[in-house]
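# Residue-level structural notes
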Amino acid sequence: QVQLVESGGGLVQPGGSLRLSCAASGSIFSINSMGWYRRAPGKQRELVATITSDGSTDYADSVKGRFTISRDNAKNTVYLRLNSLKPEDTAVYYCNAKTIVKHYFDNYWGQGTQVTVSS
């Protein structure tokens, strides 16, 4: 069992920045990778960025070069730095954790945090 708590969303002007945080608790030893997804109005949820337990990262093309995913193992927290924000980045951002315990894979989700980019 893993619990994820997101924070850091808000309203920002185009070109601005935000930092999202996701704190994990519970069976954190079982987490294989973590990531951020987002769901924009009228669209399906899409992958934004992921980071594995060994530090490998991956980004959606739409955010590459603007967003940065990182982790702090001591705090059991993953971050997403959102720079050069555009109106199309407006979405609910969800933290995700993928776990594996004795060949059983599972997914956990945070409650989501709203990011609104508007002038």
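Residues numbered from 1 in each chain as written. Predicted model: local features only at pLDDT ≥ 70, side-chain atom pairs only at ≥ 80, totals over all residues. Heavy atoms only, no water.

### Some thoughts on the overall build of the protein
- A count of helices and strands for the protein gives 0 helices and 11 strands.
- Starting at the N terminus and walking to the C terminus, you meet the elements of the protein as β-β-β-β-β-β-β-β-β-β-β.
- Projecting the C-alpha coordinates of the protein onto the three principal axes gives extents of approximately 50 × 25 × 25 Å.
- When each of the 119 residues of the protein is scored for burial, the buried share is 42%.
- When the accessible surface of the protein is summed, it comes to about 6600 Å², and 48% of that surface belongs to carbon and sulfur atoms.
- Between the centroid of the 13 positive side chains of the protein and the centroid of its 9 negative side chains there is a distance of 2 Å. (Helix = DSSP H or I, 4+ residues; strand = E, 2+ residues; numbered from the N terminus. Buried < 20%, exposed > 50% of the residue type's maximum accessible area, 1.4 Å probe, protein only. Areas by Shrake-Rupley, 256 points an atom, 1.4 Å probe, with all protein chains shown as cover. Lys, Arg positive; Asp, Glu negative; His and termini not counted. Charge placed at Lys NZ, Arg CZ, Asp CG, Glu CD.)

### Some points on the state of the cysteines
- If you walk through the whole model with that rule in mind, you get 1 disulfide.
- With its sulfur 2.0 Å from that of its partner, Cys 22 forms a disulfide with Cys 95. With the S-S dihedral at roughly -85°, the linkage between Cys 22 and Cys 95 falls on the left-handed side. One end of the pair, Cys 22, is in strand β3 (residues 18–26); the other, Cys 95, is in strand β9 (residues 91–101), with 73 residues separating them in the sequence. Accessibility classification places Cys 22 together with Cys 95 in one group, the buried group. (Disulfide = S-S within 2.5 Å.)

### What to know about the nonpolar core
- If you look at the biggest cluster of nonpolar residues, it comprises 30 residues, and the most contacted ones within it are Leu 4, Met 34, Trp 36, Leu 80 and Tyr 93.
- Setting aside anything within four residues of it in sequence, one finds Leu 80 in contact with Leu 18, Arg 19, Leu 20, Trp 36, Val 48, Ala 49, Phe 67, Thr 68, Ile 69 and Tyr 93. (Core = buried A, V, L, I, M, F, W, Y, C linked by side-chain atoms within 4.5 Å. Contact = heavy atoms within 4.5 Å.)

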